[in-house]
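Take a look at the letters that make up each chain.
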Amino acid sequence: MISENLNRIYNCIRKAAFKSGRNPDEIKLVAVTKTVDVDKINQAIDCGITAIGENRVQELIKKYPLINKEVEWHLIGHLQTNKVKYIIDKVNLIHSVDSIKLMEEINKRAKDKGRIMDILVEVNISGEASKFGIKPEDLFKFLKEASQYSNINVKGLMTIAPYCIDPEETRPYFKEMKRLFDEASQLDIHNVKMVYLSMGMSNDFEIAIEEGANIIRIGTALFGQRL
Ligand SMILES: *Cc1c(COP(=O)(O)O)cnc(C)c1O
């Protein structure tokens, strides 16, 4: 079932990429494994999944020692400052950096471990009160402040679009994110390089790809409805 779902997703990725004149190979699929058991995660990795995304620290550290296969770990959910220490030597990319305080803590913990941590800045593009992320108008100031944290590499931006029954309605949000991403690409800051634009989930990833996403985060469409 996972392999069929994965094939269906790959087909959609290809279609959306071609539709917008992009190369499907440059789009990275992160399999969102929250609430998914270790067996299924292993199956997904055997089917070719190379990156998994967890949204909760507790769940990530529980599963981490149980997955013995080569895979990237991404933290995609809200991260509390006091939990950074648990994941700093486990994850390849943190998608959800949304405060200077958090960036400072990640930098400190990364320095202790002698590593450079790759992060994305989460932007609350819709302005919904229920969503995490910095305000679009604060982005450039935030990126400039990042320059003082030598054990952090800012690799791009992340967002969660509002849920819409008709995914077409998410398009303006993704368009605006791409505009911010392109604008941020012009900045000349030693540790800020706009490489990844992480946006698009099961319901809206095709639209996100059409608008320029190069990381999509897929749970339900791959593993089925979460319990
Ligand atoms: C759960 C989650 C996803 C995946 O959502 P689906 O709709 O199941 O694909 C993506 N990003 C984040 C941050 C999530 O928490």
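Our subject is the structure that appears above.
Just so you know, the residues in each chain are numbered from 1, in the order the chain's sequence is written. In keeping with the model being predicted, local features are shown solely for residues with a pLDDT of at least 70 and side-chain atom pairs are shown and tallied solely at 80 or more, while totals for entire chains, interfaces and linings include all residues. To obtain the side-chain values, all non-hydrogen atoms of the structure were included, while hydrogens and water were left out.

Novice: Is there a simple way to think about the layout of surface pockets in this case?
Specialist: Taking a probe equal in size to a water molecule and rolling it over the atoms shows the remaining empty space. Grid spacing is 1 Å over the protein atoms alone, the probe is 1.4 Å, and a cavity is where that probe fits but cannot get out, while a pocket is an open set with protein on both sides within 12 Å along at least five of seven lines and lining residues have an atom within 4 Å of a point. Grid points are joined across faces, edges and corners, and a volume is the space filled by probe spheres set on the points. The volume enclosed by the largest pocket comes to roughly 480 Å³. Residues were grouped as follows: Ala, Val, Leu, Ile, Met, Phe, Trp, Tyr, Cys and Pro as nonpolar; Asp, Glu, Lys and Arg as charged; and all remaining residues, including Gly, as polar. For the lining of the largest pocket, the residue count by class is 9 nonpolar, 8 polar and 6 charged. Tyr10, Ile13, Arg14, Pro24, Asp25, Ile27, Lys28, Leu29, Gly48, Ile49 and Thr50 together form the lining of the second largest pocket. Counting from the N terminus, the helices are the DSSP runs of H or I reaching at least four residues and the strands are the DSSP runs of E reaching at least two. The set of elements that each furnish at least two residues to the lining of the second largest pocket consists of α1 (2–19) and β1 (28–32). Tallying contributions element by element places α1 first for the lining of the second largest pocket, with 3 residues. Here the residues of the lining of the second largest pocket are counted per class, giving 6 nonpolar, 2 polar and 3 charged.

Novice: What am I meant to see in the site of the ligand here?
Specialist: For this description, a residue counts as near a given molecule or strand if any of its non-hydrogen atoms is within 4 Å of it. Around the ligand, the neighbouring residues are Val32, Lys34, Asn55, Ile76, Ile160, Met201, Ser202, Arg217, Ile218, Gly219, Thr220 and Arg226. Contact between the ligand and Ser202: an oxygen atom at 2.5 Å from a side-chain N or O atom of the residue. Polar contacts, as used here, are pairs of N or O atoms within 3.5 Å; protein pairs need one atom able to donate a hydrogen and one able to accept it. Residues neighboring in sequence count only if both atoms are side-chain atoms. In this structure, an oxygen atom belonging to the ligand sits 2.5 Å away from a side-chain N or O atom of Thr220. When isolated, the ligand has an accessible area of 390 Å², and the protein chains bury 90% of it. Assignment of a molecule to a cavity or pocket requires that more than half of its atoms lie within 2 Å of the corresponding grid points. Most atoms of the ligand, that is more than half of them, are within 2 Å of grid points of the largest pocket. When its residues are assigned to classes, the shell around the ligand shows 5 nonpolar, 4 polar and 3 charged. Computed by Shrake-Rupley with a 1.4 Å probe, the accessible areas treat only the displayed protein chains as cover when residues are assessed.

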